[in-house]
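# A structural walkthrough
Chain by chain, the residues:
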Amino acid sequence: SIYNGLSHSGILVIQVNAVPLINVTEKLEEVGFESIHVYEERHYITPSSFLVAFKDYETRADWYRNEAEVEINIQKRVKRSKSGNPLLR
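Structural notes, computed from the coordinates. Source: prediction; values computed, not measured.

With that out of the way, let us pick up the side chain of Ser 35. By the secondary structure assignment, Ser 35 is in strand β2 (residues 35-41). Of the polar contacts made by the side chain of Ser 35, one reaches the side chain of His 37; its length is 3.0 Å.

Strand pairs in the sheet, formed through backbone hydrogen bonds, run parallel or antiparallel to each other. Spatially, β1-β3-β2 is the arrangement adopted by the three strands of the open sheet, whose pairing is antiparallel. In this open sheet, the two strands that pair with only one neighbour each are β1 (11-15) and β2. For this sheet the average axis-to-axis angle between neighbouring strands, irrespective of direction, equals 20 degrees. In this structure, β2 lies alongside strand β3 (residues 48-54), joined through seven bridges in antiparallel fashion.

A few words on the environment of Ser 35. Judged by its relative accessible area of 5%, Ser 35 is buried. In this structure, the C-alpha to C-alpha distance between Ser 35 and Val 52, residues 17 residues apart in sequence, is 8.3 Å. Among residues more than four places away in sequence, those in contact with Ser 35 are Val 52, Ala 53, Phe 54, Tyr 57 and Arg 60.

What counts and how
- Residues numbered from 1 in each chain as written.
- Predicted model: local features only at pLDDT ≥ 70, side-chain atom pairs only at ≥ 80, totals over all residues.
- Heavy atoms only, no water.
- Helix = DSSP H or I, 4+ residues; strand = E, 2+ residues; numbered from the N terminus.
- Polar contact = N/O pair within 3.5 Å; in protein donor to acceptor, adjacent residues only side chain to side chain.
- Pairing = 2+ DSSP bridges.
- Axes fitted to C-alpha atoms, helices over the stretch in contact; angles between N-to-C directions.
- Buried < 20%, exposed > 50% of the residue type's maximum accessible area, 1.4 Å probe, protein only.
- Contact = heavy atoms within 4.5 Å.

Note that every value here comes from positions in space, so none of it alone points to a role or purpose.
Right, dumping it as C-alpha cells:
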C-alpha cells in the first residue's frame, strides 16, 4: 500500500479538484494518516486543490513554517557542488 511505502515521517500529496474530499479524508484516516490538510492554489486560471496527508503528526510542523524557515532548511539539505558554485538559483 502507499501508506506502508512511505517512511515514518512520510507525506502524501493528492490533487483533488473533482474528488469528494470527505470520502478521501475518511479513507486516509482509516489507513493511519494522522494529520490531513487541504491546500488551494489560486495562481492559475483554474484554481487547483490538493490534499496533504501526514503519516506522523509531528511531521506536520513543517506545514506551518514560514518562507524563511523553509528556505534555510532547503539550503541545509542541498549538497555542495565540487566547484563551489550554487546548485540552486
